[in-house]
Amino acid sequence: MKMPEADQAVLSRRAEIVARLRSIVPGEGVIADPDALKPYETDALTAYRQPPLAVVLPETVEQVSAILAWCHAEGVKVVPRGAGTSLSGGALPLADAVLLGMAKFNRIVDINYYDRLAVVQPGVTNLAVTRAVEDSGFYYAPDPSSQIACSIGGNIAENSGGVHCLKYGLTTNNVLGVQIVMMDGEVVRLGGRSLDPAGLDLLGVVVGSEGLLGVVTEVTVRILPKPQTARALLIGFPSVEQASKCVADVIAGGIIPAGMEMMDKLATQAAEAFVQVGYPLDVEALLIVELDGPQAECDHLCAEVQTIANASGAVSCRTSTSEAERLAFWAGRKAAFPAMGRLAPDFYCMDGTIPRRRMPEVLARMAEMSKSYGLAVANVFHAGDGNLHPLILYDVNQPGQLEQAEAFGSDILRLCVEVGGVLTGEHGVGVEKRDLMPVMFSEADLAHQQRIKCAFDPKLLLNPGKVFPVLHRCAELGRMHIHGGALPFPDLPRF
Amino acid sequence: MNASSLPKPSTSNDVIDAIADAVRADAPLEIRGGGSKATIGAPRNAPILDMSGFDTVIDYDPAELVLTAGAGTPLSGISALVESENQMLAFEPFDHGPLLGQVAGAATIGGVIAAGVAGSRRVSGGGARDHLLGFEGISGRGERFVAGAKVVKNVTGYDLPKLAAGSWGRLFAMTQLTLKVLPRGRESATCIVEGLSPTQAVAAMARAMGSQADVSAAAYLPAALAGGASLTALRVEGFGPSVAARCTMIEVALAEFGAVGRVDAATAGKVWTDLRTLAPLAGTAPLWRIATPPSTAPSLVAALEPFGAQWLFDWAGGLTWLTLDGDPARVRAAAAAASGHAILVRAPEAMRRIVPALHPQANGVAALEARVRRAFDPNGVFETGRFHEVANAN
Ligand SMILES: Cc1cc2nc3c(=O)[nH]c(=O)nc-3n(C[C@H](O)[C@H](O)[C@H](O)COP(=O)(O)OP(=O)(O)OC[C@H]3O[C@@H](n4cnc5c(N)ncnc54)[C@H](O)[C@@H]3O)c2cc1C
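These numbers were taken from a predicted model, which means no experiment stands behind them.

## Some details on the packing of helix α14 (residues 359–373) of chain A against helix α15 (residues 401–418) of chain A
Residues and elements named next belong to chain A.
For step 1, the next point in the chain: The geometry of α14 relative to α15 is characterised by a closest axis approach of 11 Å and an angle of 160 degrees between their N-to-C directions. Judged by the angle between their axes, α14 and α15 are roughly antiparallel. When you trace α14 past α15, the crossing you get is right-handed. Facing α14, whose interface residues are V362, R365, M366, M369, S370 and Y373, α15 presents Q404, A407, F408, D411, I412, L415 and E418.

## What about the interface of chain B and chain A?
For step 1, the next point in the chain: Contacts between the two partners involve 86 residues from chain B, matched on the other side by 100 residues from chain A.
For step 2, the next point in the chain: Summing the contributions of chain B and of chain A, the shared interface buries around 7,800 Å²; its carbon and sulfur component is 59%.
For step 3, the next point in the chain: It is R24, K153 and Y158 of chain B that lose the most area in chain B upon contact with chain A, and together they represent 13% of the buried surface on that side.
For step 4, the next point in the chain: Viewed at the interface, chain A and chain B are joined by nine salt bridges.
For step 5, the next point in the chain: Among the salt bridges present, the one from E426 of chain A reaches K153 of chain B, with a minimum N-O distance of 2.9 Å.
For step 6, the next point in the chain: On the surface where chain B and chain A come into contact, there are 30 residue pairs in polar contact (both at pLDDT 80 or more).

## Some details on the domain arrangement of chain A
Residue and element names in this part refer to chain A.
For step 1, the next point in the chain: The domains assigned to chain A are domain 1 (5–101), domain 2 (108–225), domain 3 (229–337), domain 4 (344–432) and domain 5 (436–488).
For step 2, the next point in the chain: Centre-to-centre separation of domain 2 and domain 4, based on C-alpha positions: 29 Å.
For step 3, the next point in the chain: Taken together, the contact between domain 2 and domain 4 spans ten residues of the former and nine residues of the latter.
For step 4, the next point in the chain: When domain 2 packs against domain 4, close to 560 Å² is buried across both sides, 47% of that on carbon and sulfur atoms.
For step 5, the next point in the chain: The largest share of the area that domain 2 buries against domain 4 comes from E158, L166 and E210, three residues that together contribute 58% of it.
For step 6, the next point in the chain: Linking domain 2 to domain 4 there are two residue pairs in polar contact (both at pLDDT 80 or more).

## Thoughts on helix α12 (residues 323–334) of chain A
Residue and element names in this part refer to chain A.
For step 1, the next point in the chain: Over its twelve residues, α12 runs 16 Å from end to end, which matches the ideal 16 Å to within 8%, given 1.5 Å per residue.
For step 2, the next point in the chain: Buried within α12 we find E325, R326, F329, W330, G332 and R333. Viewed end-on, α12 has its buried residues packed into an arc of 155 degrees, placing them on one side of the element. Facing away from the buried side of α12, by more than 90 degrees, are the exposed residues A324 and K334.

## A short note on α14 of chain A
Residues and elements named next belong to chain A.
For step 1, the next point in the chain: Here α14 is 15 residues long and its end C-alpha atoms lie 21 Å apart, about the 21 Å a rise of 1.5 Å per residue gives.
For step 2, the next point in the chain: For α14, the complete set of buried residues consists of M359, P360, V362, L363, M366, M369, S370 and Y373.
For step 3, the next point in the chain: Its buried side turned inward, α14 meets α9 (240–252), β13 (259–264), β17 (377–382), β18 (387–394) and α15.
For step 4, the next point in the chain: Among the residues trailing α14, G374 stands out with phi positive, at a value near 70 degrees.

## Some details on the environment of N310 of chain A
For step 1, the next point in the chain: Tracing the backbone shows N310 of chain A in helix α11 (residues 295–311).
For step 2, the next point in the chain: Counting along the chain gives 75 residues from N310 of chain A to I235 of chain A, while the straight-line C-alpha distance between them is 9.2 Å.

## Here's the deal with the pattern of salt bridges
For step 1, the next point in the chain: A full pass over the atoms with the stated rule returns 51 salt bridges over all chains.
For step 2, the next point in the chain: Between E432 of chain A and K433 of chain A there is a salt bridge whose closest N-O contact spans 2.7 Å. Considered together, E432 of chain A and K433 of chain A belong to a single accessibility category, that of buried residues.
For step 3, the next point in the chain: Measuring nitrogen to oxygen at the nearest pair gives 2.7 Å for the salt bridge that ties D274 of chain B to K270 of chain B. With D274 of chain B and K270 of chain B both in helix α10 (residues 265–277), this residue pair falls four residues apart, about one helical turn.

## Remarks on the site of the ligand
Residues and elements named next belong to chain A.
For step 1, the next point in the chain: Of all residues adjacent to the ligand, which total 33 residues, the nearest are P80, G82, T85, S146 and S151.
For step 2, the next point in the chain: A distance of 2.7 Å is found between an oxygen atom of the ligand and a backbone nitrogen or oxygen belonging to G84.
For step 3, the next point in the chain: Computed on the free molecule, the ligand has an accessible area of 980 Å², of which 92% lies beneath the protein chains in the complex.
For step 4, the next point in the chain: Elements that contribute at least two residues to the shell around the ligand include exactly β3 (77–81), α6 (152–158) and β10 (215–222).
For step 5, the next point in the chain: Along the lines of polarity and charge, the residues of the shell around the ligand split into twelve nonpolar, 17 polar and four charged.
For step 6, the next point in the chain: Per-domain counts for the shell around the ligand show at least three residues from each of domain 1 (5–101) and domain 2 (108–225).

## With respect to the side chain of S320 of chain A
Residue and element names in this part refer to chain A.
For step 1, the next point in the chain: If you trace the backbone, S320 turns up in the loop between β15 (316–319) and α12.
For step 2, the next point in the chain: Accessibility expressed as a relative area gives 2% for S320, which makes it buried.
For step 3, the next point in the chain: In contact with S320, not counting residues within four places along its chain, are R231, A232, E325, R326 and F329.

Definitions and cut-offs
Residues numbered from 1 in each chain as written. Chains lettered and ligands numbered in written order. Predicted model: local features only at pLDDT ≥ 70, side-chain atom pairs only at ≥ 80, totals over all residues. Heavy atoms only, no water. Axes fitted to C-alpha atoms, helices over the stretch in contact; angles between N-to-C directions. Helix = DSSP H or I, 4+ residues; strand = E, 2+ residues; numbered from the N terminus. Parallel < 35°, antiparallel > 145°, perpendicular 65-115°, else oblique. Left-handed = near helix turned anticlockwise from the far one by under 90°. Contact = heavy atoms within 4.5 Å. Buried area = accessible area lost by both parts, 1.4 Å probe. Salt bridge = Lys/Arg side-chain N within 4 Å of Asp/Glu carboxyl O. Polar contact = N/O pair within 3.5 Å; in protein donor to acceptor, adjacent residues only side chain to side chain. Domains from an automatic or database assignment. Expected span 1.5 Å × (residues − 1). Buried < 20%, exposed > 50% of the residue type's maximum accessible area, 1.4 Å probe, protein only. Arc of directions from axis to C-beta. Near = heavy atom within 4 Å. Areas by Shrake-Rupley, 256 points an atom, 1.4 Å probe, with all protein chains shown as cover. Nonpolar A, V, L, I, M, F, W, Y, C, P; charged D, E, K, R; others polar.

The structure is reproduced here in structure tokens:
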């Protein structure tokens, strides 16, 4: 993956830039020592590493604004960073960019149960929001598996999801407002505490913009009352086709489960070996269906799902009868990633979404690819919404295997798009899928997206090298080339 | 050029041609679906780009929870189609025709999305923004593009569908939309509490929304409109055993507010229909749609009642529909003081000429919004003056 070429002029001004950052953020807030920069050189896409020019850890909005305004005036690039758990390289530093870490923005500003919202700083972790409100019976619904570590600011940037987003939505559906600082230092509030924005839904574009439009300095999220009960079913199938049919029939039956996860045989066996929770080992596909709500609803729906499962050819079906059992069903699923460590030294996690009806076909073709690449693949996915997480197993110490794994991953994503799906369901484009964007979008599609970037950051200084395969200069993108039209005087002067 | 001089497009190329012509002639163009909301915004006379030719459902697979349709497809047709599969558009969009003194049936799905229309279930199920997954359209540059996708979960590229919802035809002409659909609750019940003051009602609705009863909609009609005692209504939807259990949960949660009753289907139907047609606020007085956090809604209406405001709450108090035959600045100031914003939905022409339909934004946001508009529409082809843009400023 090629990153934008480092600007030598900026590199040569490093000492001056560091001094200037220190004048804005005194004390320990600026890191320039090469050893101390090490922890910042990658995010959770660890195949890519690059120490930044310097790291700055501001504590106030004024500092963020002053840093950005100065960098803007001086033409210095900035990469925002939350907790560094991005799986797509969104927070990957650039040699000639300042890395702006938001970890010190770790306060919960306000909680309002009456309006059912929480105002938090972006460095607060996802789980900390739930922790802050759970004693009052509330929680924050989007629950990425990384929730103990990832920050709300990062969640906003990536529009993160979790196992419960089929029913409760992604980050974007649970956010009311943000305060952002734009690259020129200007501070704006988008959205607020009401359900609809006053004008264009700019909040809607900032969520999922991968740190390219502004630095998020405050977030207002919706909080929900915690459901009275949750129960899960653990269902085994002799084939992926039957499991897929069960998923489709549950939804066609009018049931939107809180979560509906599928694992293939390899993933199931690895998870069971890792946590020993009693997963059946003789099934080709394992489904976890979670239902939540009032006790009466859970009981009723558990029975309905069980009937549908049996009709779809399930060979085993257990319904949790205690909270401990429900958590045990999930323990294997949640350990699926670390469990891969027993099968191979490294794994590469993909994140495409497909129309669910194409699931059996996509899995069959993935199995063929796996053979031709000579790399095993385990499948764990959010079956309810067709979001696949194929885990490609490889060994980085075997020459060429990383490249092979990446090529295999790209082929899987192309396949997702080919069957009517998308490159990423929740992990973001970042650097990882940047060059695949043309598989899904035409030049015109991408240009229409990038012009929004130009409206926020016309000098293209904020997090460049991510999302867009080619970052066109804004002046160039702005030019009009009018085609078509049927006026009798096509060369009528325009003004 | 007048409205009738533009042929009705039926393909993307027709739309491209119409926009290209308008750009070359430096003339504005108004994108229109069914025209049911044409009286929202300032009077204007830009030629109409009539999208009603894009009127077919292209793909609907209930098990995928996805429906793709031409932007000009009537809302009524889509609603009937998804209902036939026991599904729904969960944001409960509705036709503005009746509340603006026109016949029902003209509203198109494109218009509903572009105006960000959402009904009572908005408070629990999300708005138009949350259910538009993707679209195809032609920008003010005369270029066709797609955004979003046709699957329920996607974060690839910028989320332009969010921007489309509530864009009021100022960015691009949508030709095709992909929406998320959801199963309809098999049963529905409405619980009521009578005689609460606005402050008590908002507190009761907050209590219910914060309970585990999974309330799908909550509204309040003050005594003046309810005919006798004020009415606080809470709706639950879902499977039979669940609906029954949740009504009981509401009774328990609201015990301190008074007796919780259940109304029959006909009465419930009328309550929720009134919130769509706004029959209780019928007439010609200027009608405002004010979004605030629920907690400030009682002070908002208390500030405007002395001047003759009539009003009701939806979205558990997060939405106030209000009529006031008086100074519009007073409404906007009260909305802002309540941390909200007010859209002028119905007003005489003379008033619409001077009062912008959309709530004015803070300076920084207004400038940013203008830059985003110009990103899609550099020549201001879609600036008809409807929203008090400086028409065709270049
Ligand atoms: C084990 C594991 C499991 C995961 N599971 C899930 C999952 O289930 N669902 C899911 O969706 N994701 C998952 N992720 C991915 C990741 O956790 C999310 O994308 C998360 O939102 C990233 O948050 P972060 O704070 O770590 O952001 P970072 O990695 O630091 O940054 C991510 C992006 O956000 C930008 N950014 C960060 N903070 C700000 C800010 N304040 N303002 C502007 N831009 C900012 C960065 O520039 C970057 O582009 C997982 C990751 C791991 C390692």
